[in-house]
Amino acid sequence: MSTPDATPAASRTDAHPRFAEALGELGLEVEIRRFPDATRTAAEAAAAIGCELSAIVKSLVFEADGAPVLVLMDGSSRVDVELVRQELGAGKVKRAGADLVRETTGYAIGGVPPFGHRTKTRVLADRGLLDHPVVWAAAGTPHTVFPLDPTSVIKHAGGTVVDVREQSE
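Reading the values: the criteria
Residues numbered from 1 in each chain as written. Predicted model: local features only at pLDDT ≥ 70, side-chain atom pairs only at ≥ 80, totals over all residues. Heavy atoms only, no water. Pairing = 2+ DSSP bridges. Helix = DSSP H or I, 4+ residues; strand = E, 2+ residues; numbered from the N terminus. Phe/Tyr/Trp six-rings, centres within 6.5 Å; stacked < 30°, edge-to-face > 60°. Buried < 20%, exposed > 50% of the residue type's maximum accessible area, 1.4 Å probe, protein only. Contact = heavy atoms within 4.5 Å. Polar contact = N/O pair within 3.5 Å; in protein donor to acceptor, adjacent residues only side chain to side chain. Arc of directions from axis to C-beta. Core = buried A, V, L, I, M, F, W, Y, C linked by side-chain atoms within 4.5 Å.

K.L.:
Please explain the pairing of strand S6 (residues 135–138) as it appears in this structure.
P.N.:
Side-chain positions along a regular strand alternate between the two faces of the sheet. Relative to strand S7 (residues 144–148), S6 runs antiparallel, the two being bridged by four bridges. The partner of Ala137 across the bridge, within S7, is Phe146. Linking S6 to S7, which pair antiparallel, is a turn of five residues; within it Gly140 sits at a positive phi near 100°.

Shown next as structure tokens:
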């Protein structure tokens, strides 16, 4: 998956500076792919990468009783907010607004990586991510992504594996 002439240190510069710093602190060397067109949605990212939609990691911020929580979900699925509420034991859960997402993570919607955030946040990772040997996630900008095995993504995010995906009827 990596190109022979790209070095991890050189490709890391394409990531958002905060995310590049997080990679360094974690000792992770991952390939950062930069695209000329934004890959803000899972569908755009999957098309640009050439992978299945479900191999994309969506990093979604919700507000549970006023506190931010990050949910990592595969690109082809939707979060069941009621299951998130039950998992957290919260009274009310809703999607976070753009301001809260940026305040909590340090990134804009469409570029939020699964880890390397401004603040420590509770993380729920849907079990469906484990269905792939490699998943792709945003590297801090709407133009950059990186591949990593899902177990490592969840571990570095400090995530708890749960079932919070909407079930199709």
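K.L.:
Got a minute to help me understand the packing of aromatic side chains in this structure?
P.N.:
Two descriptors summarise a pair of aromatic rings, namely the distance from one centre to the other and the angle between the planes of the rings. The tally for this structure, following the rule as stated, stands at three aromatic pairs. Relative to Phe115, the ring of Phe19 lies with its centre 5.4 Å away and its plane at 40°, an arrangement referred to as tilted. Of this pair, Phe19 sits in helix H2 (residues 17–26) while Phe115 sits in the loop between helix H5 (98–105) and strand S5 (122–126); the two residues are 96 residues apart in sequence, bridging distant segments of the chain. Like Phe115, Phe19 is buried.

K.L.:
Can you help me understand the environment of His143 in this one?
P.N.:
The topology assignment puts His143 in the loop between S6 and S7. Judged by its relative accessible area of 25%, His143 is partly exposed. Counting along the chain gives 32 residues from His143 to Gly111, while the straight-line C-alpha distance between them is 7.5 Å. Not counting residues within four places of it along the chain, the set of residues in contact with His143 comprises Arg33, Arg34, Phe35, Pro36, Asp37, Ala38 and Thr39. A polar contact of 3.5 Å, which involves the side chain of His143, links it to the backbone oxygen of Pro36.

K.L.:
Just to check I follow, could you spell out helix H4 (residues 81–88) for this structure?
P.N.:
Three- or four-residue spacings in an α-helix give side chains the same orientation, since the helix completes a turn every 3.6 residues. Here H4 starts with a cap whose side-chain oxygen sits 3.0 Å from the backbone nitrogen of Glu82, and that cap is Asp80. Phi turns positive, to about 70°, at Gly89, one or two residues after H4.

K.L.:
What should I look at first to understand helix H3 (residues 42–49) in this one?
P.N.:
Here H3 has its buried residues at Ala42, Ala45, Ala46 and Ile49. Buried positions in H3, seen along its axis, are confined to an arc of 95° and lie on one side of it. Residues of H3 that are buried in the fold lie against strand S1 (33–34), strand S2 (57–64), S6 and S7. Once H3 finishes, Gly50 follows within two positions and takes phi at roughly 85°, a positive value.

K.L.:
Which parts of the structure should I look at to understand the nonpolar core?
P.N.:
Generally speaking, a soluble globular protein has its nonpolar side chains buried in company with each other. Ranked by internal contacts, the top residues of the largest apolar core, which has 28 residues, are Phe19, Leu23, Ile32, Leu72, Phe115, Phe146 and Leu148. For this core, the elements supplying multiple residues, two or more each, are H2, S2, strand S3 (67–74), H5, S5, S6, S7 and helix H6 (150–157). Those residues in contact with Phe115 that sit more than four places away from it in its chain are Phe19, Leu23, Leu26, Leu28, Phe146, Leu148, Val153, His156 and Ala157.

K.L.:
In this structure, what is going on with the sheet that holds S6? I would like to understand it.
P.N.:
The strands making up a sheet associate through hydrogen bonds between their backbones, and the pairing can be parallel or antiparallel. With antiparallel pairing, three strands are arranged side by side in an open sheet as S1-S7-S6. Of all strands in the sheet, those with a lone pairing partner are S1 and S6, marking the two edges.

Purely geometric numbers; function is a separate question.
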